[in-house]
Amino acid sequence: MKKENTIDLKRREFLKNSSLGIAGASLSSGVVGTLVAPNAVATESKTVVTAAHWGPLGVVVENGKAVKSGPAIPTVIENELQSVVPDQLYSETRIKYPMVRKGYLANPGKSDTTMRGRDEWVRVTWDQALDLIDKEFKRVRSEGGFENIFGGSYGWKSSGSLHSSRTLLHRYLNATGGFVGHKGDYSTGAAQVIMPHVLGTIEVYEQQTSWETILESTDIIVLWSANPLTTLRIAWTATDQQGIEYFKKYQATGKRIICIDPIKSETCKMLNAEWIPTNTATDVPLMLGIAHTLVTQDKHDKAFLKKYTTGYAKFEEYLLGKVDGQAKDAEWASKLCGVPVDVIKQLAADFSSKRTMLMGGWGMQRQRHGEQTHWMMVTLASMLGQIGLPGGGFGFSYHYSNGGAPTTTGGVIGSMSATLDSDTTNTGQSWLSKSAKISFPLARIADVLLNPGKTIQYNGTEITYPDIKLIYWAGGNPFVHHQDTNTLVKAWQKPETIIVNEINWTPTARMADIVLPITTSYERNDLTMTGDYSMMHIVPMKQVVEPQFEARNDYDVFAELAKRAGVEDKFTEGKTEMDWLKFFYQSAFDAARKNRVLMPKFEKFWEENKPITFNASEKAKKWVRYGEFREDPLLNPLGTPSGKIEIYSDTVAKMNYDDCRGYPSWFEPEEFSGNVTPEHPLALVTPHPYYRLHSQLAHTSLRQKYAVKDREPVLIHTEDAKTRGIADGDIVRIFNGRGQVLAGAIVSDNIIKGTVGLCEGAWYDPLDLGMSEKPLCKNGCPNVLTMDIGTSNLAQGNSPNTCIVQVEKFTGEAPEVTVFKQPKQANA
Ligand SMILES: Nc1nc2c(c(=O)[nH]1)N[C@H]1C(S)=C(S)[C@@H](COP(=O)(O)OP(=O)(O)OC[C@H]3O[C@@H](n4cnc5c(=O)[nH]c(N)nc54)[C@H](O)[C@@H]3O)O[C@H]1N2
Ligand SMILES: Nc1nc2c(c(=O)[nH]1)N[C@H]1C(S)=C(S)[C@@H](COP(=O)(O)OP(=O)(O)OC[C@H]3O[C@@H](n4cnc5c(=O)[nH]c(N)nc54)[C@H](O)[C@@H]3O)O[C@H]1N2
Ligand SMILES: [Mo]
């Protein structure tokens, strides 16, 4: 039977209501207070409110054990991620005790690092582990300095303003002499660096034109490389899922939704949208083709371009072929992107005659020259002239953290600070905060480890790589998230010491020297808000159960390490867990009072066991991004050098990069559908998964919903499967010059021919690590195949969606997936 699949889900899966008492209770009432499950059998039963990236949760605890979980605020569509709290707590993959790699314990800091990932594990006491780490830090700091310590620790650690593992690590590292960090992230590596040159802001993590005006004014929503009904299932804080609700409301109006994507995504199916299949990495040609049509039909908004933008004329010369002899017309575009010429021309006609919101997702910028897609989309929107009008223009965060859900009036809670100056009001994208002494573009990490002292270009500056001897990671999974795993394996052997704080035996934990068992967020007390942009709720994250095995909170681990370094007071400021939470709550309380919004005192809030809800003002509901700029561009200029939208950027042009010009343009990537080879004739796209947050929850029962023969599913077009003798449900081998993985085939027409789709986040599970050049990943981690190369000299972002592969039916006995079990001797 065909499996439900993250990238080829059937509609009924979404419509099915939850059978959980919790979900049912909150769906009908939306009141957390009524969540207490009526349970006649258990003697002691309670519902505890907490939260995760996947939203505010109610967890039913019976006799001290979590038994089920569900949403604590109403959801329009079931979010299954909310249902697996017990799986997370009692998983077979939990790290139970502090563990040290055998060879490392024998020779700390001077071990055979090629044994990482295949050595035996030795159980030690907490004191032994902490003493060992403390000693190692002292050695590395005295022999070199902070330049030898990489503490960037990128990743989606759990929600919570106190127990934020990465921030706590940075706080400890700052208190003891500093560290090397990183610039940017894997999400918007390219877009966040180019956008400030074009618009004067980072754009990708900014509030969007309010959904209320979209519902009222927009005629066409274009989901361009965006899959919001998947990606809004989570948020950086905790999702309020308002975005999903708004998409459903918009669908109910019967107005058009178009998805431009190589895959017919969950969103496309669930919203019954029009699908325009396009080749991966060819959006710039497609947009140029639309732009060219606009100009030749004189449908571009010349008044807007003149008043609000700069440099259009230079771009137009390129568009019309005056620069390189190639007009970027619909015929030219069609050959590259695979969208028929008449469709391209029709899009130009529709966009220019109807109020159109171009909602740009990020998959298309996670590739070589990823800077160009978002720059070109801003340019196209400028030519359409609807920027700053209600419901028109572009938006780069409707698919993320519920952008466009109106910002509420209330208070914002404080959060733990990485620096020691008690700046406790960090909100938003905390990984972008600058507390490291020096940093490099994040996605260059393997290159950094392999080539200390090398100099690279970055956004008009030069960066020289540090020499990393010690890595400490807390709250991320680089062996899943980073591109070209086989290169990373080699790079990872360079440092002398690698320490990982983890909940589970993830691929990264397995590659460490010292592993510390950490609590899940359900084993400690914390606070979070929801929505990221809406700031709609304050949610108590109450401890659900006692810590499992010997797991400790990151906070306590770093407090202990700070104590050994003589800086405990600096780290803790003498506060307990509850002291911190009261302190964070008080910032919101004070701000709310200024806004004339009533909040209960902390004690009452904590006792009540339910989220506080704030409301949005009428003004917030009518808010239009760039509305003020449109009204008066002189009074409200953008933060660019010209104060206008820079279609041509002098700043970028003067960087003189051969891989990024002064205006948005097409660069052929090294690997894409247009230059496949006989050996590797298929393009690979690696979207984000419906049933996981990256690698998180991969070890839960949700896996049963998508795994094919216990492997990550790969979506392959019917004809591509047929020519290879591959049937639905077959185990296949996907390979290229960089590596090989097994996966389970989903044969379908819901992907463009010539491209295969394999979701990011599948745990890396090498068959014979250290024994062969390119060990087979038994589970299907796409990054074994992807290319580790910067997007360009400008942003140096990651480029996973620039990749070609071959797929063949796997014959013979498929090796068992073992990565979700305890590693050798770790069960001691
Ligand atoms: N091919 C490809 N690769 C990609 C992408 C892609 O599109 N394609 N996307 C990229 C993107 S956008 C991102 S953001 C990254 C995501 O990469 P990551 O953020 O590294 O992925 P997660 O799986 O969320 O990893 C978080 C880890 O933190 C651990 N954790 C959770 N809570 C705690 C805690 O309280 N303490 C500690 N110590 N640990 C905790 C979890 O167990 C988990 O292992 O992947 C990137 N990689
Ligand atoms: N459920 C769930 N939600 C998540 C996450 C998760 O792992 N799981 N991750 C979160 C994080 S950290 C981030 S950064 C965001 C990611 O948000 P995005 O980056 O927007 O997500 P992706 O799935 O990478 O890409 C969105 C869509 O773009 C398509 N696509 C990929 N390449 C191209 C291309 O070249 N052209 C076109 N037109 N389409 C393309 C993909 O097929 C996919 O349907 O999601 C967040 N939300
Ligand atoms: Mo991300």
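In this text the structure is predicted, and so the values were computed from the model without any measurement. Note on numbering: residues in each chain are counted from 1, in written sequence order. Each chain takes a letter, starting from A, and each ligand takes a number, starting from 1, following the order in which they are written. Only residues with pLDDT of at least 70 are given local features in this predicted model, and only at 80 or more are side-chain atom pairs given and counted; all residues enter the totals for whole chains, interfaces and linings. With hydrogens and water set aside, each side-chain value is computed from the structure's full complement of heavy atoms.

Asker: For this particular structure, what's the right way to read the overall build of the protein chain?
Answerer: Within the protein chain, the regular secondary structure consists of 30 helices and 32 strands. For this measure, only C-alpha atoms enter the radius of gyration; the expected value for a globule follows 2.2 Å times N^0.38, where N is the number of residues. Taking 828 residues into account, the globule formula puts the C-alpha radius of gyration at 28 Å, and the protein chain, at 26 Å, falls close to it. In terms of overall dimensions, the protein chain has a C-alpha envelope of 75 × 65 × 55 Å along the principal axes. Nonlocal contacts in the protein chain, meaning residues at least 24 apart in sequence, comprise 76% of its contacts between residues at least 6 apart. Only the protein chains shown count as cover for residues, and all accessible areas are computed by the Shrake-Rupley method using a 1.4 Å probe. Summed over all atoms, the accessible surface of the protein chain reaches about 28,000 Å², with 50% contributed by carbon and sulfur. Here the protein chain carries 90 positive and 93 negative side-chain charges, and the mean point of each set is 1 Å from the other. By the criteria applied, helices consist of DSSP H or I runs no shorter than four residues and strands consist of E runs no shorter than two, each listed in order from the N terminus. We call two residues in contact when some of their heavy atoms are within 4.5 Å. We count Lys and Arg on the positive side and Asp and Glu on the negative side, and we leave His and both chain ends out. Where a charge lies is defined by one atom per residue type: Lys uses NZ, Arg uses CZ, Asp uses CG and Glu uses CD.

Asker: Would you take a moment to explain the site of ligand 2 for this structure?
Answerer: The criterion for a residue being near a molecule or strand is simple. One of its heavy atoms has to lie within 4 Å of it. Lining the immediate environment of ligand 2, one finds 34 residues, of which Asp-261, Ala-281, Asp-283, Arg-366 and Arg-692 sit closest. Whenever two N or O atoms come within 3.5 Å, that pair is a polar contact, provided that in protein one can donate a hydrogen and the other can accept it, and provided that, for residues adjacent in sequence, both atoms are side-chain atoms. His-399 places a polar side-chain atom, nitrogen or oxygen, 3.3 Å from an oxygen atom of ligand 2. Contacts to ligand 2 include Pro-689, whose backbone N or O atom sits 3.0 Å from a nitrogen atom. Burial of ligand 2 by the protein chains amounts to 99% of its free accessible area of 910 Å². Elements represented by at least two residues in the shell around ligand 2 include exactly helix H9 (228-231) and strand E9 (256-261). Just so you know the grouping, Ala, Val, Leu, Ile, Met, Phe, Trp, Tyr, Cys and Pro go in nonpolar, Asp, Glu, Lys and Arg go in charged, and all remaining residues, Gly too, go in polar. The residue inventory of the shell around ligand 2, partitioned by class, reads 15 nonpolar, 14 polar and 5 charged. A domain-level breakdown of the shell around ligand 2 finds at least three residues from each of domain 3 (209-406 + 622-648) and domain 4 (682-809). Each domain span listed reflects an automatic or database assignment of domains.

Asker: I'm lost on the environment of Trp-275 in this one. Help?
Answerer: Position of Trp-275 among the secondary structure elements: in strand E10 (residues 274-277). As a C-alpha pair, Trp-275 and Ser-265 span 10 residues in sequence and 8.8 Å in three-dimensional space. Setting aside its immediate chain neighbours within four residues, Trp-275 contacts Cys-259, Asp-261, Pro-262, Ile-263, Lys-264, Cys-268, Asp-749, Asn-750, Ile-751 and Ile-752. One polar contact links the side chain of Trp-275 to the main-chain carbonyl oxygen of Asp-261, over a distance of 2.8 Å. A distance of 3.3 Å separates a polar side-chain atom of Trp-275 from the backbone oxygen of Ile-263.

Asker: Explain the site of ligand 1 to me, please; I cannot follow it from the model alone.
Answerer: What surrounds ligand 1 is a group of 31 residues, the closest being Ser-158, His-481, Glu-502, Ser-695 and Gln-696. For ligand 1, the protein covers 98% of the area, taking 920 Å² as the surface of the free molecule. The residue makeup of the shell around ligand 1, split by class, is 8 nonpolar, 17 polar and 6 charged. In terms of domain composition, the shell around ligand 1 takes at least three residues from each of domain 2 (99-180 + 409-420 + 443-615) and domain 4 (682-809).

Asker: Whenever I open this one, the UniProt feature "domain: Molybdopterin dinucleotide-binding" (unreviewed entry) in the protein chain confuses me. Can you help?
Answerer: UniProt positions are given in the numbering used here, feature names are shortened, and annotations may be inferred rather than shown by experiment. Feature annotation in UniProt assigns "domain: Molybdopterin dinucleotide-binding" (unreviewed entry) to the following positions: residues 682-803. Strand forms 25% of residues 682-803 and helix 8%; the C-alpha atoms that close the span are 9 Å apart.

Asker: Would you mind going over the sheet that holds E9 with me for this structure?
Answerer: Two pairing modes exist for strands in a sheet, parallel and antiparallel, and in both the strands are linked by backbone hydrogen bonds. Taken together, 5 strands build an open sheet; the order of strands is E10-E9-E8-E12-E13 and the sheet is parallel. Of all the strands in the sheet, the pair left with one neighbour each is E10 and strand E13 (393-395). Strand-to-strand twist of the sheet, defined as the mean angle between neighbouring strand axes without regard to direction, takes the value 20 degrees. Here E9 runs beside E10; their pairing, made up of 4 bridges, is parallel. Within the sheet, the bridge partner assigned to Cys-259 lies in E10 and is Trp-275. A fitted line through C-alpha atoms represents every axis, and for helices the fit uses only the stretch in contact; the resulting angles, taken between N-to-C directions, go from 0 to 180 degrees. Across the sheet, helix H16 (residues 341-353) is in contact with strand E8 (220-224), E9, E10 and strand E12 (356-360); its angle to E9 comes to roughly 140 degrees. Strands in contact with helix H17 (residues 370-384) are E8, E12 and E13; relative to E12, the strand with the most contacts, it is inclined by about 175 degrees. Here a strand pair is declared whenever DSSP counts at least two bridges between the two strands.

Asker: Would you explain the environment of Met-195 in this entry?
Answerer: Looking at the secondary structure, you find Met-195 in helix H7 (residues 191-199). With 151 residues separating them in the primary sequence, Met-195 and Glu-44 have C-alpha atoms 54 Å apart. If we ignore the near neighbours within four places in the chain, the residues touching Met-195 are Gly-200, Thr-201, Ile-202, Glu-203, His-374, Trp-375, Val-378 and Phe-396.

Asker: How should the sheet that holds strand E1 (residues 45-52) be read in this particular structure?
Answerer: Strands sit in the order E1-E2-E3 across an open sheet of 3 strands; the sheet is antiparallel. Each edge of the open sheet is held by one strand with a lone partner, namely E1 and strand E3 (65-71). Looking at each pair of strands side by side, their axes are set apart by 30 degrees on average, direction ignored. Across 8 bridges, the pairing between E1 and strand E2 (residues 55-62) is antiparallel. By the bridge assignment, Val-49 is partnered in E2 with Gly-58.

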